[in-house]
Amino acid sequence: MANSEHETIYRIALGIMKGINSQMVRRMIDAGVSAEDFFTLDLLSVSDALGLNSKTGFGAHDRENALKRAAEEYVFTSRHSVKVISLLDDNYPWLLAETPDAPVTLYMLGDADLNSQHTISVVGTRKPTQYGMNFCKQFCSDLGGYFPDLTIVSGLALGIDSAAHTAALETNHSTIAVVAHGLDMLYPAVNRDLARKIIKSGGAIITEYPSGSTPYAGRFLERNRIVAGLSQITAVIESPIKGGAMSTANFAFHYNREVVSLPGRVTDHVSAGCNLLIRKEKAHLLTAAADVIELMDWKPLGKHIEPRQRNLFPELEGISGRIYEILKFESEPVAIDMLHQRTGLTVPELMSALTDLEFDGIVTRQPGNRYSIS
């Protein structure tokens with residue numbers, strides 16, 4: 001077995017072994033202790049070198065078990081072209097390395113640049129409104145239009161995460177999906193095709209968990225710190241007060257990274273978390289790509305930034321207002337007969353109002369004479 005293979009196994013084992021975290025790895029770097037040293041030197045020598053109590057629990061049995069599991073993982077990563085990136089490596093993403101709880105080991109499928117100069121995490125609810133979905137796609141597209149090297153990071157969940165990944169793919173920008181399980185599976189399974197497209201396009205699927213690790217609530221929370229840590233800024237697009245997007249935003253805030261949040265009306269449950277972030281001054285107001293560019297002082301090459309403000313919540317009354325309130329909370333376009341049933345309006349009344357709303361750019365007519373918020 002080549003030395004590089006041995007070294008990779010030692011580095012995988014560091015990530016697998018209980019009690020080893022980023023602080024410990026940084027102590028190893030400072031002390032000049034390699035991953036191989038940690039697993040081959042006697043416990044007393046390791047403890048002395050790292051300034052640890054000899055009763056740390058890093059005994060021979062624990063280290064042997066970690067190495068055995070790491071050797072199995074090495075076989076998996078080799079067979080499936082999974083890259084192993086250790087906190088000890090020079091190619092470890094530098095933004096993530098700055099965080100106090102950085103993963104010891106990352107597993108990556110794909111070829112994304114983990115150190116792009118323009119990286120943004122875009123997160124939000126799994127059950128967004130059509131308005132939130134449309135804003136997410138337009139925002140990602142607009143931002144990507146200024147920065148060819150833009151990388152969009154998210155969590156591959158349904159809703160806003162999927163919309164952000166898809167927007168990146170549609171505009172030929174790199175996107176990174178961080179998952180809460182090993183790379184021998186994919187969750188949610190419905191996003192399997194999206195994951196393939198991400199890898200094929202030059203993006204990546206990333207995790208800190210070895211194969212055989214299944215997703216559960218605690219791992220999704222741990223995953224969120226990586227989503228936040230990989231980026232200079234996190235954008236929250238529609239989130240209730242309790243949700244994964246809020247934990248990602250809080251991680252970013254505590255990492256001293258910028259956070260922006262799409263506001264919603266005080267009566268909108270799906271925007272309650274976004275409004276709270278703004279009210280608590282944990283996030284800046286997000287209305288368009290220009291807000292991020294100005295906040296981050298990013299310099300687009302040869303392009304003028306339009307400081308355009310969106311009409312987020314048009315003040316509509318009467319028939320138009322009733323139609324808008326229905327469409328705003330729908331994730332799919334709504335047919336005329338459904339609007340007729342829910343509003344009690346006649347078809348001629350609906351058609352007249354919808355024509356006006358479409359002309360004003362507030363709604364969009366979809367195939368099959370169905371309508372959605374623009």
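What you see is a predicted model, and the numbers here were worked out from it, not measured in a lab.

Focus: the packing of aromatic side chains
Then, number 1: On inspection of all chains with the given rule, the structure shows 7 aromatic pairs.
Then, number 2: Feature note: the residues Tyr-10, Phe-38 and Phe-39 constitute an aromatic cluster, connected by ring pairs.
Then, number 3: Positioned over the ring face of Phe-220 is Arg-126, at 5.9 Å from the centre of the ring.
Then, number 4: The ring of Tyr-209 carries Arg-219 above its face, with NZ or CZ at 4.8 Å from the centroid.

Overview of the pattern of salt bridges
Then, number 1: Under the counting rule described, the total for this entry stands at 10 salt bridges.
Then, number 2: Between Lys-83 and Asp-111 there is a salt bridge, and its shortest N-O distance comes to 2.9 Å. Pair noted here: Lys-83 is in strand β1 (residues 83–86) and Asp-111 is in the loop between β2 (105–110) and β3 (119–123), with a separation of 28 residues, a long-range link.
Then, number 3: Of the charged contacts in the structure, one is a salt bridge between Arg-257 and Glu-98, with a shortest N-O distance of 3.5 Å. In this pair, Arg-257 is assigned in the loop between α11 (244–254) and β8 (258–261) and Glu-98 in the loop between α6 (94–97) and β2, connecting sequence segments 159 residues apart.
Then, number 4: Taking relative accessible area as the criterion, Arg-257 reaches 10% and is therefore assigned buried.
Then, number 5: Residues joined in a network through salt bridges with shared partners are Glu-7, Arg-11 and Asp-89.

Observations regarding the pairing of strand β4 (residues 151–154)
Regular strands have side chains that alternate between both faces of the sheet.
Then, number 1: Side chains Thr-151 and Val-153 project from β4 onto one buried face, and the interleaved Ile-152 and Ser-154 project onto a second face that is buried too.
Then, number 2: The β-α-β motif built from β4, the intervening helix α8 (residues 160–170) and the parallel element strand β5 (residues 174–178) has right-handed crossover chirality.

Describing the sheet that holds strand β9 (residues 284–285)
Then, number 1: What the 9 strands build is an open sheet, ordered β1-β2-β6-β5-β4-β3-β7-β8-β9; its pairing is mixed. Only two strands of the sheet have a single neighbouring strand rather than two, namely β1 and β9.
Then, number 2: Pairing geometry for β3 and β4, over 3 bridges, is parallel. Each bridged residue has a counterpart across the sheet, and for Ser-121 the counterpart in β4 is Val-153.
Then, number 3: On the sheet, α11 packs against β3, β7 (233–236) and β8 and is oriented at approximately 155° with respect to β7.

Observations regarding helix α7 (residues 130–146)
An α-helical turn contains 3.6 residues, so any two residues separated by three or four positions project in the same direction.
Then, number 1: The end-to-end C-alpha distance of α7, which contains 17 residues, comes to 25 Å, matching closely the 24 Å that a straight helix rising 1.5 Å per residue would cover.
Then, number 2: Within α7 the residues assigned to the buried category are Gln-130, Tyr-131, Gly-132, Met-133, Phe-135, Cys-136, Phe-139, Cys-140, Leu-143, Gly-144 and Tyr-146.

So, the nonpolar core
Then, number 1: Residues Leu-14, Ile-20 and Phe-38 are the most contacted members of the largest nonpolar core, which totals 65 residues.
Then, number 2: For this core, the element with the most residues is helix α1 (residues 3–16), which contributes 5 residues.
Then, number 3: With sequence-adjacent residues up to four places away left out, Phe-38 is seen in contact with Leu-14, Met-17, Ile-20, Met-28, Val-33, Val-46, Leu-50, Phe-58 and Arg-63.
Then, number 4: With 45 residues, the next largest nonpolar core counts Phe-147, Ile-336, Leu-350 and Leu-354 among its residues.

Some remarks on the pairing of β3
Then, number 1: Of all the 5 residues making up β3, 5 are buried; the element is thus mostly covered by neighbouring parts of the structure.
Then, number 2: Across the two faces of β3 the burial is the same, with Thr-119, Ser-121 and Val-123 and Ile-120 and Val-122 all buried.
Then, number 3: After leaving β3, the chain enters α7 and then returns to the sheet as β4, a path that is right-handed.

Details of the environment of His-173
Then, number 1: Within the secondary structure, His-173 sits in the loop between α8 and β5.
Then, number 2: Residue classification places His-173 among the buried positions, given a relative accessible area of 10%.
Then, number 3: Distance in space between the C-alpha atoms of His-173 and Arg-196 is 15 Å, their sequence separation being 23 residues.
Then, number 4: Those residues within four positions of His-173 in sequence are excluded, and the remaining contacts are Gly-144, Gly-145, Phe-147, Pro-148, Leu-150 and Ala-168.
Then, number 5: Within the structure, His-173 has its side chain in polar contact with the backbone oxygen of Thr-171 (distance 2.9 Å).

Basis of the calculations
Residues numbered from 1 in each chain as written. Predicted model: local features only at pLDDT ≥ 70, side-chain atom pairs only at ≥ 80, totals over all residues. Heavy atoms only, no water. Phe/Tyr/Trp six-rings, centres within 6.5 Å; stacked < 30°, edge-to-face > 60°. Lys NZ or Arg CZ within 6 Å of the ring centre and 35° of its normal. Salt bridge = Lys/Arg side-chain N within 4 Å of Asp/Glu carboxyl O. Helix = DSSP H or I, 4+ residues; strand = E, 2+ residues; numbered from the N terminus. Buried < 20%, exposed > 50% of the residue type's maximum accessible area, 1.4 Å probe, protein only. Right-handed = clockwise from strand over helix to strand, strands pointing away. Pairing = 2+ DSSP bridges. Contact = heavy atoms within 4.5 Å. Axes fitted to C-alpha atoms, helices over the stretch in contact; angles between N-to-C directions. Expected span 1.5 Å × (residues − 1). Core = buried A, V, L, I, M, F, W, Y, C linked by side-chain atoms within 4.5 Å. Polar contact = N/O pair within 3.5 Å; in protein donor to acceptor, adjacent residues only side chain to side chain.

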